[in-house]
Structures are given as structure tokens and as C-alpha cells.
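Residue-level listing of the chains:
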Amino acid sequence: MDRARPSSPPETSRFALWELGFRPFYLLASLFAAASVLLWTAQMSGWLVPYLPGPLWHGHEMLFGYTLAVVAGFLLTAVRNWTAQPTPTGVPLMALAGLWLAGRVLVLTPFVMAAAIVNAAFPLALAVAIGIPLVRSGNARNYFFLGLLALMAGLIAAVHVALLGIAELPPRRSLVLGLDVMLFIMAVMAGRVVPMFTNNGVPGAGASRHPLVEKFALGTVVALFFADLLPLQPGIVAGVALTAAIAHGARLVLWRGWRTLGSPLVWILHAAYAWIVIHLTLRTLASAGWLGESFAIHALTVGAIGGLTIGMMTRTARGHTGRPLRADGYETACYVMVLLAAVVRVFGAMAAPSLYLPSIQLSGLLWAAGFGLYAIRYWPILTRARADGRPG
């Protein structure tokens, strides 16, 4: 009698980079985050021939380059789950990633108009990529993402148009408005996933959402966008930012983050969201003229955006590659380095002006190390088939 042959383990060595949106975009984003900030830090220190023309372009690349890449990876993956409809894979996904990469290259060239067109085209192409499955499935709840991506495209175009001298627009204002839009996206998605991940990952945590707090917190971000758009008097902006800080602080308390300290995959999301409250508090002080605006901006970009993106890139990559939802020492090290980068960048020079350049240098090294470690650790995870043998 023949013995039954044991089943073969799932084949995980197959190249799978183009099978789902999070794979190429998380990898590209992490590599770009590490390299771009490392080069910018070297440029600021005088160790490198200028890599970017100035701080405005550094902000442009980190917001419209790095952050939009993470948003693209997340949305292309999430929309497939929300709608049960396909999102780009294979050649269409390669084309979308190529469009993003072309934008990063063109910014460094003299082809200014081409850079403007390609960079503005990326969020529009992403809107089409997720809009088709959203409309086919009638998923009206998430149509607002299409409007936000179109708005981001308009803001990118506004930055380039201003710098080309075609229109009299302050390019920095477009960047600030882009940060407000990204803050709204993060606030929406965090409200959906952080309480759920908290209760799923930490039994008995008791994270909750209060409908009035949720609506009010999101409303304050919208109000902040219009306060920056008009723009309103600094005193009014300070009042809006303070109200937003209180609302988002209340939201964070309801999520009970102090009960997640034993679960790095969860506490990183709470810690990152706390940086939104810090950002809004510092914006209040900056609008009142008591603090430099750069501190508030970097609380949002390094602390909140950096923390939430590294947290979501690890969690969603693990979940969608069939791996346990549990952070190991590598992930925890990534989280700690990114959060320390925020602490150093925001509070270093605040403590002593003489620490301004050293704080940029140390923060840049910590950020680059955190995202570089992610890229090394997740390269085989993002490029190979799922560990459980399932497609995706």
C-alpha cells in the first residue's frame, strides 16, 4: 500500500513584486525616504553638491513623492478589499510605478515643465486606478479619495506653476495646503483602523469611537485647510489649530493607547497619532508668533507622517503576505528610530538654537536608518509570493 505523499510547502520564492499595489510602492517609498533624506542632510551640512534647489523642493519630494507613494500602495491594496474588484497589477502597476519614479527623476533635471506635468499626473492616474473599482462596486463611501487625489494634483501643479513664473502664487502655501490634505487623509484612515487594530491586537483594550468627536475632529482639519487657503489672520488660524489639537487629543484618549505598550505593531500607530496633536499644538504657538513654523511642520512630517506610514507599511505588508501580525525586533527598531528622528528634529533646536544643524544631522541619520532597515528587511517579503501560498 502506497503511503500518501506529504503536501509540499507553499512556494514563496516566486517573484511577486507586481502582484498587488503595496508591494512596489512600499519598497520604492522606503528606499526613496532613506536616500532622499540622507542626501538632503548631507546637502544641509555642506558635505554634498546641492541635491535639491532648496527647502521647498525637499518638502515637495517628501510630501508629493514619498508620502504619496505610501498612500498609493495603501489605496491600491485597500480598494481591492473594499470593493472585491481588481486594482492594477502587472504591466499597469509597472506603468503607475514608472510614472511616480519619472517624477522623482525629472525634479532633478532642467526639464521643469515635464516635471510639472508628470508629478501632477501621478495622483490623477492613481485616482483613475482606484476610481474604476470604486464606481463599479458603487462604493460611494470612499469616493472622497478621488476628490482628494485630484486636489493634490492641483496643488502639485500650483507649486510648479508658481516656480515657473506663470502665475503669482506663493508656492509655499500650496505645500502647506498639501500637508493639510495629507493630515485629513491620515485622520480619516486612522479613525477607521486604529481603534479596530487596537481591539483586535490587544484584547480588552477597549478602544472606542464617539461619533460627535469623530466628526468634529475631521471638521477641524477641514477648517484648518480653509484657514490656510484664504488665508485668515494668524490669530484665527491659531484658534482653529488649538481647537483641532483638543479634538484630536480627545479622539486619541478614546483609543486608549496606553494599553498597547506590549504590542509594537499597535502602539506605533498611537504614538504617531500623538504627533498630530503635537503638530496642531505647535501650529497654535507658531500662528501666535511664539515659535518657528518649521517645528510644527516637522512634527507633522517626521513624527505623524513618518510614524503612521512606517506603522502601516509593516502591518499591511505582513497581513497581505500571509505573515503573523506581530512585530519583531527589526520592525520595533524601525519604529523607534523614526520616532526618535521626530523628537530630535522638533525638540533639538527648540531646546537650544546652537543645536539646529546637529539636530538636522542626527534626525536625518535616524530617519534614513529606520527606512533603510525597513527596505532591507522587507525586500524579500515584498518581492516574493505570500508565505501561505495564496495569491496577492
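None of the values given here were measured: they were computed from a predicted structure. (Residues numbered from 1 in each chain as written. Predicted model: local features only at pLDDT ≥ 70, side-chain atom pairs only at ≥ 80, totals over all residues. Heavy atoms only, no water.)

1. Some remarks on the overall build of the protein chain
Okay, step 1: In terms of helices and strands, the protein chain carries twelve helices and zero strands.
Okay, step 2: If you list the helices and strands of the protein chain from N to C, you get α-α-α-α-α-α-α-α-α-α-α-α.
Okay, step 3: Relative to the compact-globule value of 21 Å for 392 residues, the protein chain shows a C-alpha radius of gyration of 21 Å, a close match.
Okay, step 4: With the principal axes as the frame, the protein chain shows a C-alpha extent of 85 × 50 × 45 Å. (Helix = DSSP H or I, 4+ residues; strand = E, 2+ residues; numbered from the N terminus. Rg over C-alpha atoms; globule rule 2.2 N^0.38 Å.)

2. What about helix 9 (residues 264-287)?
Okay, step 1: In a regular helix each residue adds 1.5 Å, so 24 residues correspond to 34 Å; helix 9 covers 34 Å between its end C-alpha atoms and thus fits that length.
Okay, step 2: For helix 9, a buried count of 19 out of 24 residues is recorded, marking the element as mostly surrounded by other parts of the structure.
Okay, step 3: Of the residues trailing helix 9, Gly289 is marked for its positive phi of about 85 degrees. (Expected span 1.5 Å × (residues − 1). Buried < 20%, exposed > 50% of the residue type's maximum accessible area, 1.4 Å probe, protein only.)

3. What to know about the environment of Pro203
Okay, step 1: Relative to the helices and strands, Pro203 is located in the loop between helix 6 (171-201) and helix 7 (211-229).
Okay, step 2: Put simply, Pro203 and Leu20 are 183 residues apart on the chain and 30 Å apart in space, counted from C-alpha to C-alpha.

4. Some points on a nonpolar patch on the surface
Okay, step 1: On the surface, Val222, Phe226, Leu229, Leu230, Leu232 and Ile236 cluster together into a nonpolar patch covering about 500 Å² of accessible area.
Okay, step 2: Here the nonpolar patch gets three residues from one element, more than from any other, and that element is helix 7.
Okay, step 3: Secondary-structure assignment places Leu232 in the loop between helix 7 and helix 8 (234-254).
Okay, step 4: Residue Leu232 is classed as partly exposed on the basis of its relative accessible area of 33%. (Patch = residues over 30% accessible without salt bridge, like charges linked within 9 Å, V, L, I, M, F, W, Y side chains within 5 Å. Areas by Shrake-Rupley, 256 points an atom, 1.4 Å probe, with all protein chains shown as cover. Salt bridge = Lys/Arg side-chain N within 4 Å of Asp/Glu carboxyl O.)

5. Some details on the side chain of Glu331
Okay, step 1: Residue placement: Glu331 occurs in helix 11 (residues 329-351).
Okay, step 2: A distance of 2.9 Å separates polar atoms of two side chains, one belonging to Glu331 and the other to Arg318.
Okay, step 3: A polar atom in the side chain of Glu331 sits 2.9 Å from the backbone nitrogen of Asp328. (Polar contact = N/O pair within 3.5 Å; in protein donor to acceptor, adjacent residues only side chain to side chain.)

6. A closer look at the pattern of salt bridges
Okay, step 1: Under the defined criterion, the tally for this structure stands at ten salt bridges.
Okay, step 2: Glu19 is the salt-bridge partner of Arg14, the closest N and O atoms lying 2.1 Å from each other.
Okay, step 3: Residue classification places Glu19 among the partly exposed residues on the basis of a relative accessible area of 22%.
Okay, step 4: Of the charged contacts, one joins Arg172 and Glu293 as a salt bridge, the two residues approaching to 3.1 Å between their closest N and O atoms.

7. With respect to the packing of aromatic side chains
Okay, step 1: In this structure the tally under the stated criterion is 14 aromatic pairs.
Okay, step 2: Where Phe32 meets Trp100, the ring centres are 5.6 Å apart and the plane angle is 85 degrees; that geometry is what we call edge-to-face. With Phe32 in helix 1 (residues 22-44) and Trp100 in helix 3 (residues 90-106), this residue pair connects regions lying 68 residues apart in the sequence.
Okay, step 3: Considering the side-chain rings of Phe225 and Phe226, the 5.4 Å spacing of their centres and the 90 degrees angle between planes classify their relative orientation as edge-to-face.
Okay, step 4: Three or more aromatic residues joined by ring pairs make a cluster, and in this case those are Trp82, Phe144, Phe145 and Phe184.
Okay, step 5: Just above the ring of Phe197 sits the side chain of Arg315; from NZ or CZ to the centre is 3.6 Å. (Phe/Tyr/Trp six-rings, centres within 6.5 Å; stacked < 30°, edge-to-face > 60°. Lys NZ or Arg CZ within 6 Å of the ring centre and 35° of its normal.)

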